[in-house]
Amino acid sequence: MKIAVTYRVCQAWRTPIFRRLNDTAENQLTVFHGQTIPGTKLVNSPTFTGFGHKELKTYAWSMKSTGRRVPAMIYPSIMKALSNYLPDVLLCEGGSNIFNNLLIYRWAQRHKTPTVWWDLGEIPGRQYKGLS
């Protein structure tokens, strides 16, 4: 099974789970991710072993959400990258990757690709409004 994982960046602490998903003989996993955003927690792992990955050209900015400034990003070439890869299933980073997920969701609809929205869920005590 070809699995595409989409994340804003591929942080080092996430790489072990991607390796495990890829380790099964029937699976081929590729992580599609954006570029590191300097000065934020969005930093790519320095090494990628045990699974495929593709870093995409990224446009980043800062916006206000849940009463604080948060980094936002989009990598418009994700639709072409997915078309080249043609995954059997998509695993998408949740709400924090919303701008890319809108493109990914459109691609998945067109290609009838099952999609899992992989999200943290609601954070207790946080007030949600607007984009949140």
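See the structure printed just above.
Residues numbered from 1 in each chain as written. Predicted model: local features only at pLDDT ≥ 70, side-chain atom pairs only at ≥ 80, totals over all residues. Heavy atoms only, no water.

J.: Account for the side chain of T113, with residues named and values stated.
T.: By the element assignment, T113 lies in the loop between α3 (98–111) and β7 (115–118). Residues contacting T113, with those up to four places away along its chain left out, are P87, D88, V89, L90, W107 and A108. (Helix = DSSP H or I, 4+ residues; strand = E, 2+ residues; numbered from the N terminus. Contact = heavy atoms within 4.5 Å.)

J.: Go over the packing of aromatic side chains, please, and point to the residues and values.
T.: Inspection of the entire model under this criterion finds seven aromatic pairs. Here F48 and F51 contribute two aromatic rings whose centre-to-centre distance is 6.2 Å and whose plane-to-plane angle is 85°, an arrangement assigned as edge-to-face. Ring pairing ties together the aromatic residues Y7, F18, F48, F51 and W118, which thus form one cluster. Geometry around Y85 places K2 over its ring, the cationic atom sitting 4.5 Å from the centre. (Phe/Tyr/Trp six-rings, centres within 6.5 Å; stacked < 30°, edge-to-face > 60°. Lys NZ or Arg CZ within 6 Å of the ring centre and 35° of its normal.)

J.: Summarise the pattern of salt bridges; cite the residues concerned and give the values.
T.: Across all of its chains, the model carries one salt bridge by this definition. Across the pair E93 and R8 runs a salt bridge, and its minimum N-O distance is 3.1 Å. Here R8 lies in the loop between β1 (2–7) and α1 (15–23) and E93 lies in strand β6 (residues 89–93), a separation of 85 residues in the sequence. The same class applies to E93 and to R8, which are both buried. (Salt bridge = Lys/Arg side-chain N within 4 Å of Asp/Glu carboxyl O. Buried < 20%, exposed > 50% of the residue type's maximum accessible area, 1.4 Å probe, protein only.)

J.: Can you tell me about the nonpolar core, naming the residues and giving the values?
T.: Of all hydrophobic cores here, the largest spans 17 residues; its most connected members are A4, F32, L56, I78, L82, L90 and I104. If one sorts the elements of this core by residue count, helix α2 (residues 78–85) sits on top with four residues. Residues contacting I78, with those up to four places away along its chain left out, are T6, F32, L56, L103 and I104. (Core = buried A, V, L, I, M, F, W, Y, C linked by side-chain atoms within 4.5 Å.)

J.: Pulling in residues and values, what's your account of the sheet that holds β7?
T.: Pairing between the strands of a sheet comes from backbone hydrogen bonds, and it takes one of two forms, parallel or antiparallel. Strand order in the open sheet formed by five strands is β3-β2-β1-β6-β7, and the pairing between neighbours is parallel. Edge positions in the open sheet fall to β3 (52–55) and β7, since each of these has one partner strand only. Geometrically, the sheet is characterised by an average inter-axis angle of 20° between neighbouring strands, direction not taken into account. Relative to strand β2 (residues 28–33), β1 is paired through six bridges, and the arrangement is parallel. (Pairing = 2+ DSSP bridges. Axes fitted to C-alpha atoms, helices over the stretch in contact; angles between N-to-C directions.)

J.: Outline the packing of α2 against α3, supporting the account with residue identities and numerical values.
T.: Relative to each other, α2 and α3 sit at 35°, their axes nearing to 9 Å. Judged by the twist between their axes, the crossing of α2 over α3 is right-handed. Across the interface between the two elements, I78, M79, L82 and S83 of α2 pack against L103, I104, R106, W107, R110 and H111 of α3. (Left-handed = near helix turned anticlockwise from the far one by under 90°.)

J.: Can you lay out the pairing of β1 for me, pointing to particular residues and giving the numbers?
T.: Most of β1 is tucked away: five of the six residues are buried. Once you follow β1 into α1 and on to β2, the crossover reads as right-handed. As defined by bridge partners, β1 adjoins β6 across four bridges and the pair is classed as parallel. Bridge pairing in β6 links I3 to V89. (Right-handed = clockwise from strand over helix to strand, strands pointing away.)

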